[in-house]
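Each chain is listed here by its residues.
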Amino acid sequence: MIDFVVTDTSPGGGAAEGPSAQSTISRYACRILCDRRPPYTARIYAAGFDASSNIFLGERAAKWRTPDGLMDGLTTNGVLVMHPAGGFSEDSAPGVWREISVCGNVYTLRDSRSAQQRGKLVENESNVLQDGSLIDLCGATLLWRTPAGLLRAPTLKQLEAQRQEANAARPQCPVGLSTLAFPSPARGRTAPDKQQPWVYVRCGHVHGYHGWGCRRERGPQERECPLCRLVGPYVPLWLGQEAGLCLDPGPPSHAFAPCGHVCSEKTARYWAQTPLPHGTHAFHAACPFCGAWLTGEHGCVRLIFQGPLD
C-alpha cells in the first residue's frame, strides 16, 4: 500500500536515532498522483489509503465537510508545499509555503502544525507539483524534480570536472604554503586528509588544516583567521555531490555555514534564502546536502583561495 517510506532527518543529515526519537511524519503522509500521458502532470494530496482502502487520518486531525457535501481534512502535522518563483533555475526565488488538504485543496498555513483550525482557502493556487517544489512532511523535506528540469541540472561528470579544475589551479594554504585539493567523491566523507581545504566560515579565507588560533572560550571550533583576525567556526570543505540540488552548473565558489558544503553561488544563495519548516511554527534555512541549519548573516560565504606563488 505504501510506495515509499520516508524517515525523519535531523540537522547534520542523519536519521533520528534512539528509542525516544518518535517520528512526527504521518504513517500515511501524502499521495502523489501522476498522469500517464504527457505532460505527466503530478498532483499532491494529503494523507493516504490504509489496508481497508480508506483515507487514514489521526484522531486529532482537522476534518470538515465541504459545500458540495464531501469530506476534506488535514493530516495531524500537515503536508506543506512551496513552489519556487521562476521555476528551479538560475533565476529562482523562494515561494510561499502552503498546506495541502486530503482533496488537494490549497490553504494558508495554520497557526501551528497541529492546530485544529485550518487556514484560509487559496483558490488561485493548485496542488500541481512543479520542478523544484518542496514538500515538507514535518520531519523530512522532499525536493520534487521533473525530467525536463534535471536535463538542465549539472551532471555528476560536470561536478567531477569542476573538482579537477579547482584542484588544477593548485590553491595554497596562505600560512603553511601547502597545496590544497578537494578529495575524490569515491573516497567518501571520511576524516579530512592533509590536502583537504578548510575555511573560516565568517570571512571565507581558505587554509590547510592547522591547530593554532583556537578561541576555546567561544567554543571548540572557534578559530581566529590569521589573515583578517575574524573569529568563527573553522571547518573542512566538501563539494556537494547531489546534482539534483544544484540550480546551475556554476563553479564551486561558495560554502554553506557552518557545515562547509561547497556549490555554485546561485545554488548557495537560493538555499540560504529558502526557509524550511521546523518544529510547530518555526522556519529555518538549511544546507540541502546535509540538513544542517545555516548560521551567520547570509548562511553562506564566498570562498577566498590563494593561488600558487610561482
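It should be emphasised that the depicted structure is a prediction, and the values quoted were computed from it without experimental measurement.

Trainee: Please explain the domain arrangement of the chain as it appears in this structure.
Mentor: Its domain assignment divides the chain into domain 1 (1-152) and domain 2 (153-302). One C-alpha centre belongs to domain 1, the other to domain 2; they are set 31 Å apart. Counting residues at the interface gives 27 residues for domain 1 and 23 residues for domain 2. Overall, the association of domain 1 and domain 2 removes approximately 1900 Å² of surface from exposure, summing both partners, and the carbon and sulfur fraction of that is 64%. Among the residues of domain 1 in contact with domain 2, Phe88, Glu90 and Pro94 are the three that bury the most area, contributing 27% of the side total.

Trainee: Before we go on, may I ask you to explain the environment of histidine 261 in this structure?
Mentor: With respect to the helices and strands, the residue histidine 261 is situated in strand S18 (residues 261-263). Sequence separation between histidine 261 and arginine 113 is 148 residues, and the spatial gap between their C-alpha atoms is 30 Å.

Trainee: Looking at this model, I keep getting lost on the side chain of threonine 274. Mind explaining?
Mentor: Note that threonine 274 resides in the loop between helix H3 (265-272) and strand S19 (276-278). A polar side-chain atom of threonine 274 sits 2.7 Å from the main-chain carbonyl oxygen of tyrosine 270. Among all residues touching threonine 274, those that are not within four sequence positions of it are Met82, Pro94, Leu134, His284 and Ala285.

Trainee: Honestly, unusual backbone geometry in this entry has me stumped. Any pointers?
Mentor: Most peptide bonds take the trans configuration, and most residues that are not glycine carry a negative phi. Omega for the peptide link from proline 38 to proline 39 comes to 5°, which places this bond in the cis form. Mapped onto the elements, proline 39 comes out in the loop between strand S1 (30-34) and strand S2 (42-46). Of note in the backbone geometry, alanine 47 takes a positive phi value of approximately 70° without being a glycine. Following the sequence through the fold, alanine 47 ends up in the loop between S2 and strand S3 (48-49). Since its relative accessible area comes to 0%, alanine 47 is described here as buried. Positive phi outside glycine occurs at arginine 170, with the angle close to 50°. Note on placement: arginine 170 falls in the loop between helix H2 (156-168) and strand S12 (198-200).

Trainee: It is not clear to me how the sheet that holds strand S10 (residues 133-136) should be interpreted in this structure. Could you clarify?
Mentor: Adjacent strands of a sheet pair through backbone hydrogen bonds, lying either parallel or antiparallel. The strand order S9-S8-S7-S10-S11 describes an open sheet built from 5 strands, whose pairing is antiparallel. The sheet is open, and its two edges are formed by strand S9 (106-107) and strand S11 (141-144), each paired on a single side. Judged from the 4 bridges that link them, S10 and S11 form a sheet pairing that is antiparallel. Within the sheet, the bridge partner assigned to leucine 134 lies in S11 and is leucine 143.

Trainee: Can you walk me through the packing of aromatic side chains in this structure?
Mentor: Using the criterion set out here, one finds 11 aromatic pairs in the structure. Centre to centre, the rings of tyrosine 28 and phenylalanine 56 are 5.1 Å apart; their planes meet at 55°, and the pair counts as tilted. One end of the pair, tyrosine 28, is in the segment before S1; the other, phenylalanine 56, is in strand S4 (residues 55-56), and 28 residues separate them in sequence. On the basis of relative accessibility, which here comes to 36%, the residue phenylalanine 56 falls in the partly exposed class. Where tryptophan 198 meets tyrosine 209, the ring centres are 4.7 Å apart and the plane angle is 50°; that geometry is what we call tilted. Pair noted here: tryptophan 198 is in strand S12 and tyrosine 209 is in the loop between strand S13 (206-207) and strand S14 (222-224), with a separation of 11 residues, a long-range link.

Trainee: What exactly am I supposed to notice about the state of the cysteines here?
Mentor: Here a disulfide denotes one covalent bond, and it connects the sulfur atoms of two cysteines. Tallying each qualifying case throughout the model produces 0 disulfides. Summary of cysteine pairing: cysteine 203 is not part of a disulfide, and the nearest cysteine sulfur, belonging to cysteine 228, is at 3.6 Å. Classification of cysteine 203 by relative accessible area gives buried; the value is 13%. For cysteine 263, which is in no disulfide, the shortest distance to another cysteine sulfur is to cysteine 246 and amounts to 6.3 Å. Under the relative-accessibility criterion, cysteine 263 is labelled buried at 4%.

Trainee: How should I be thinking about the nonpolar core in this particular structure?
Mentor: Looking at soluble globular proteins, one finds that nonpolar side chains tend to be buried together. Grouped together as the largest cluster of nonpolar side chains are 24 residues, with contacts concentrated most on Phe256, Trp271, Cys287 and Phe289. Those elements giving two or more residues to this core turn out to be strand S7 (80-82) and H3. Looking at this core, the element that brings in the most residues is H3, giving 4 residues. Excluding anything up to four places from it in sequence, cysteine 287 contacts Phe256, Cys259, His261, Ala292 and Leu294.

The rules behind each value
Residues numbered from 1 in each chain as written. Predicted model: local features only at pLDDT ≥ 70, side-chain atom pairs only at ≥ 80, totals over all residues. Heavy atoms only, no water. Domains from an automatic or database assignment. Contact = heavy atoms within 4.5 Å. Buried area = accessible area lost by both parts, 1.4 Å probe. Helix = DSSP H or I, 4+ residues; strand = E, 2+ residues; numbered from the N terminus. Polar contact = N/O pair within 3.5 Å; in protein donor to acceptor, adjacent residues only side chain to side chain. Buried < 20%, exposed > 50% of the residue type's maximum accessible area, 1.4 Å probe, protein only. Pairing = 2+ DSSP bridges. Phe/Tyr/Trp six-rings, centres within 6.5 Å; stacked < 30°, edge-to-face > 60°. Disulfide = S-S within 2.5 Å. Core = buried A, V, L, I, M, F, W, Y, C linked by side-chain atoms within 4.5 Å.

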